[in-house]
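Structural description and commentary
Spelled out, the chains give:
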Amino acid sequence: MLPTALPIISRHGRTDTVLRLAAAGGARLALSGRSMEPLLREGMVLRLRAYHGRPKIGEVVVFREKEILIAHRIVEILDWGVRTSGDAQPTVVEDVRDRDILAVVDEVLDGEGPDARRIDTPAHRWRGVWFGQTHEYRALFARAREWAVAGVRFAFPWQRPRATAALVETLTAVARGDSEAAAKAAASVPAQRFAEAAERHRCETIVLEAARELLAPVARRDALIALAIRPQTGQLVRALNRANIRFALLKGAARSFRSGGARAHASGDIDVLVPAESLDAAIAALRDAGYSFRSSDALQLRYRRLHHHAAPLFPPTPGPLVELHTQLAPPGTLATRTDWDALSPHLESVECEGDTAYCFDAFASALHYAIHGIGFERFRDIFFCAEYLRELSDGQRAELRGLAESDRIDRIRLSASLALAARVAGLPWKMNARVAGYVAWALRRSDMPSVLRDRSGGVEAWYVAGCGTKFARRVMESDGPSTRQLAGRMLLTPLALAYARAMRP
């Protein structure tokens, strides 16, 4: 059921009285939503009149449901009120008491202007009456259509979701206190069917309480990890400051440092950005503080050559490892400069418990999380990017979008990261057809069968820059596939694209 009017903000009783008085004077109400199509559509304006307790089938009445006003058609007259339904949703009805009806729709206009034209002609009103009188048959036809669609969709046994079995597995996991197994079992079937099974078996309260209790240890774990990172971050900050190393804390370390460890942001490492010429000095400063490598000299050299950070440094006591970055992205993956010199204008000095360190401002933080979100591997990065995008001005967001669109290597996927983050943040964002196509593809890819999802590197390579470029080949070969595996991916690329196009939006 869709709302067809403005939201109510003030107290119910007072607002209802005002609306009844306004309706008596011919007040107008703007229409939104699609529940009354095709006769009433968004953009039309309803002129109201007072309700005097003499309902007629086919009339459209206005009443409240929670915090919104609803304008639906009367389909049945009851002893104590009326039964209403939206023309486009005959299977959904509402029983409304006489005292809860606020107004009756008297006229329908095609707009809000002073020259708005009345469109509820006699033929229009007759169709409304016919919709009301034939509601029972239209609802029967709609249900039959829904059952037919469901029957075709789940005609084969192996296509039917096992909601009851999933519920049993969830309850079993709840009884064991296994939160991971409970979440996995509940997510194995469509949410609506799982909810129906839980309600049918009177287990909805058990599942809800279990979700709160089972997820609480995860939240406490994250909070403990964040608190544990803060003292180690302080020691690292002091060690680099003593050595006069310029540095900036990144991502989770920066968020924890800014909040004094109060942000429950679980992280497996501490990321630090340093100037390339200071990398050796920073490594020496941390080794003097007890940090050490656990990789061979050859592997350390490989990190220097192929990665955007040095080999991980492990602390002297149990705790997160440290990665010293010289860039935010691996060499050759972006044309956009992400080193110290390029990002130094976006550094902010932050003090916490006597320690001072640089952290990125919202602009550089959004860029960093967008880079980490390339390929949509982890939506956590997209979410944090969205948080920082909301802090930026329109001009800064336009600058960030222009930075991504000007990248010569991976502009499509970087632009897509920002576009999806903007969607999550509820912000308007311009994107071209190729970026929009990648976003649609990547969101579908997550729901594809693993046999196609895990072999869709050819599609990724095509969206990057076309299969003839050096970086596109690098995307295809990112996990070191054999020649046979690479050939298989190329052959499956058209199938993966066709499958994605056939999926529902």
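Residues numbered from 1 in each chain as written. Predicted model: local features only at pLDDT ≥ 70, side-chain atom pairs only at ≥ 80, totals over all residues. Heavy atoms only, no water.

**A few points about the overall build of the protein chain**
Our working rule: Going along the chain from the N terminus, every DSSP run of H or I of four or more residues is numbered as a helix, and every run of E of two or more is numbered as a strand. Here's how the labels work: a residue is buried when its accessible area is under 20% of the maximum for its type, exposed when over 50%, partly exposed in between, all with a 1.4 Å probe on protein chains only. Only heavy atoms matter for contacts: two residues are in contact if any of them lie within 4.5 Å across the pair. Accessible surface is estimated by sampling points in the Shrake-Rupley manner with a 1.4 Å probe; for residues, cover comes only from the protein chains shown.
Broken down by element type, the protein chain carries 20 helices and 14 strands. The 505 residues of the protein chain split such that 45% are buried. When contacts within the protein chain are restricted to residue pairs at least 6 apart in sequence, long-range pairs at least 24 apart make up 62% of them. With the model as given, the accessible surface of the protein chain reaches about 27500 Å², and the carbon-plus-sulfur share is 54%.

**Side note on the environment of Ser-296**
In this fold, Ser-296 is placed in the loop between β10 (292-293) and α10 (297-306). In this structure, the C-alpha to C-alpha distance between Ser-296 and Ala-311, residues 15 residues apart in sequence, is 9.5 Å.

**Points about the confidence of the model for the protein chain**
The line we're drawing: Values of pLDDT, the confidence the predictor places in each residue, fall between 0 and 100.
Looking at the protein chain, the pLDDT average stands at 81 and 82% of residues meet or exceed 70. Ignoring residues within four places in sequence, the model shows residues 1-13, a span with pLDDT below 50, making 40 contacts including any to other chains. Segment residues 154-160 is flagged for pLDDT under 50; beyond a separation of four residues in sequence, or across chains, it makes 6 contacts in the model.

**Some thoughts on the pattern of salt bridges**
Cut-off, in case you're wondering: For this document, the term salt bridge refers to a Lys or Arg side-chain nitrogen within 4 Å of an Asp or Glu carboxyl oxygen.
Considering all chains together, one arrives at 20 salt bridges under this definition. Note that Arg-83 and Glu-76 form a salt bridge whose closest N and O atoms lie 3.0 Å from each other. Salt bridges here are not isolated pairs; linked through shared partners, they connect Arg-47, Glu-107, Arg-118, Asp-120 and Arg-125.

**Some thoughts on the nonpolar core**
Our working definition: As used here, the term nonpolar core means buried Ala, Val, Leu, Ile, Met, Phe, Trp, Tyr and Cys residues forming a set that is joined through side-chain atoms within 4.5 Å.
One finds Leu-389 and Trp-441 to be the most contacted residues of the largest nonpolar core, which totals 51 residues. Those elements that provide at least two residues to this core are α11 (340-343), α12 (362-372), α13 (379-391), α14 (394-405), α15 (411-425), α16 (433-445), α18 (457-465) and α20 (483-502). For this core, the element with the most residues is α15, which contributes 9 residues. Core analysis: the next-biggest nonpolar cluster, separate from the first, contains 31 residues, Phe-293, Leu-324, Val-350 and Ala-357 among them.

**Digging into unusual backbone geometry**
The omega torsion of the bond from Glu-37 to Pro-38 falls at 10°, within 30 degrees of zero and hence cis. Positive phi, close to 55°, is recorded for Asn-244, a residue that is not glycine. Checked against the element boundaries, Asn-244 lands in the loop between α7 (204-242) and β8 (248-249). One non-glycine residue, Glu-353, adopts positive backbone phi at about 55°.

**Overview of the packing of aromatic side chains**
Note the cut-off: Only the six-membered ring of Trp is used, alongside the rings of Phe and Tyr, when aromatic pairs are assigned; centres must lie within 6.5 Å, and planes under 30 degrees apart are stacked while those over 60 apart are edge-to-face, with the rest tilted. Remark: a charge is flagged as sitting over a ring if the NZ atom of Lys or the CZ atom of Arg is within 6 Å of the ring centre and within 35 degrees of the ring normal.
Taken as a whole, this structure holds 5 aromatic pairs when the rule is applied. Seen in terms of ring centroids, Trp-130 and Phe-131 are 5.6 Å apart; in terms of plane orientation they differ by 55°. Their pairing is tilted. Among the residues examined, Trp-130 registers a relative accessible area of 39% and is labelled partly exposed. With a relative accessible area of 9%, Phe-131 lands in the buried category. Pairwise contacts between aromatic rings join Tyr-369, Phe-383, Phe-384 and Tyr-388 into one cluster. Over the face of the ring belonging to Trp-80 we find Arg-97, whose NZ or CZ atom lies 5.1 Å from the ring centre. Geometry around Phe-131 places Arg-138 over its ring, the cationic atom sitting 4.8 Å from the centre.

**With respect to the packing of α14 against α15**
Where we set the bar: To obtain an axis, a line is fitted to C-alpha atoms, over the contacting stretch when the element is a helix, and the angle between two such axes runs from 0 to 180 degrees between their N-to-C directions. The cut-offs work like this: below 35 degrees is roughly parallel, past 145 is roughly antiparallel, 65 to 115 is roughly perpendicular, and the gaps in between are oblique.
Where α14 meets α15, the closest approach of the two axes is 8 Å, and the angle between their N-to-C directions is 155°. If you check the angle between α14 and α15, you find them roughly antiparallel. Every residue of α15 that contacts α14 at Leu-400, Ala-404 and Glu-405 is listed here: Arg-411, Leu-414, Ser-415 and Leu-418.

**Here we look at the sheet that holds strand β1 (residues 28-30)**
To keep things clear, this is the line we draw: A pair of strands counts as paired when DSSP detects no fewer than two bridges linking them.
The sheet built from 7 strands is open, its strands ordered β1-β2-β7-β3-β4-β5-β6 with antiparallel pairing. Each having just a single partner strand, β1 and β6 (89-97) make up the two edges of the open sheet. Averaged over all adjacent pairs, the angle separating strand axes in this sheet is 45°, with direction ignored. Pairing between β1 and strand β2 (residues 45-49): 3 bridges, direction antiparallel. Bridge pairing links Ala-30 to Val-45 in β2.

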